[in-house]
Amino acid sequence: MEVIKSTEEIKSINFDSPFALVPTMGNLHKGHLSLVKYGIENYSEVITSIFINPLQFGKNEDFSSYPKTISQDIQLLESLGCNYLFIPEKNFAENLNIIEPKFSDVLCGLSRPTHFQGVLTIIDKFLRIIKPNACLFGLKDYQQQLIIKEFVKRKKIKTDIISLPIVREKFGLAMSSRNNYLSDEDKKFCGKIYSCIKKLAASLKTTSLEVLKSEAKDFLQNAGFEIDYLEIVDANNLSSVSKNTDKVLIATAVIYKKVRLIDNIVVSL
Ligand code: PAF
């Protein structure tokens, strides 16, 4: 695998087409690796990027302590057969025009008001300089991939945005770099988040949404989670569920031992 540390250099490479980009912030886990594997199986070449993007962190968030495991990440990517690793310069996020996303005023956007601007601004830069045929994202960050898909479509950018299934820990907790802040016992306990939204999904057609939301929140709160949100919305545009909704998103963000954890399920009606 070739490791590239300059924007000028990445711009000058003639990748074998079609090629895919997997943007990450490093500290790779099985969720990221499933994206890289998909890229390897479906495209001629795969570029993974590792950049802890300062633009997407709020003032009191974990930018400076975000886990960094670069040599382990390189080993994992090499063992999978990733072709390139791009580690941009420190100033990669400087002097960019901030892009305003759609769908960012709900769910995670309420408690992280500048997060999706930061994500979209950096992804736009990656897409402009690398011009991949496809860019791969995990569905754990459902709102993120929806925002990026909408932007790419609106701006007629010629990159397919591919969203791939959530990968979970043994007891159901969605894989995330932030799970590293938790012990094995905590991770097992946090499997309750997924069992709760799964149970909610199973009752979707028989019980009112308000009752389901309130029961699920009570359950999580009583178990010891602090709830940021638990919502049931139209999965196509994150608006309220209506007669025309054909698939719903059940999404939640909770805080456990100061760690913010998100999860979701999409259900077709
Ligand atoms: O999902 C992430 O890890 C980040 O938001 C991304 C897409 C790499 C942008 O910095």
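Above this text you will find the structure in question.
Definitions and limits used
- Residues numbered from 1 in each chain as written.
- Predicted model: local features only at pLDDT ≥ 70, side-chain atom pairs only at ≥ 80, totals over all residues.
- Heavy atoms only, no water.
- Pairing = 2+ DSSP bridges.
- Helix = DSSP H or I, 4+ residues; strand = E, 2+ residues; numbered from the N terminus.
- Axes fitted to C-alpha atoms, helices over the stretch in contact; angles between N-to-C directions.
- Contact = heavy atoms within 4.5 Å.
- Buried < 20%, exposed > 50% of the residue type's maximum accessible area, 1.4 Å probe, protein only.

*Asks:* An account of the sheet that holds strand S4 (residues 84-86) is needed here, citing residue identities and associated values.
*Replies:* The sheet built from 6 strands is open, its strands ordered S1-S4-S3-S2-S5-S6 with parallel pairing. Both outer strands of the open sheet, strand S1 (2-4) and strand S6 (160-164), are each paired with one neighbouring strand and no more. Taking the axes of each pair of neighbouring strands and ignoring which way they run, one obtains an average angle of 25° across the sheet. One ladder, built from 5 bridges, connects strand S5 (residues 134-138) with S6; its direction is parallel. Among the inter-strand pairings, Gly138 is bridged to a residue of S6, identified as Leu164. Its contacts with the sheet place helix H2 (residues 30-42) against strand S2 (19-24), strand S3 (45-50), S5 and S6, and it is angled at close to 150° to S5.

*Asks:* Hey, could you go over the environment of Glu94 for me, with residue numbers and the actual values?
*Replies:* By secondary structure assignment, the location of Glu94 is in the loop between S4 and helix H4 (108-111). By relative accessible area, which is 48% here, Glu94 ends up partly exposed. Residues Glu94 and Leu220, spaced 126 residues apart in sequence, show a C-alpha to C-alpha distance of 40 Å.

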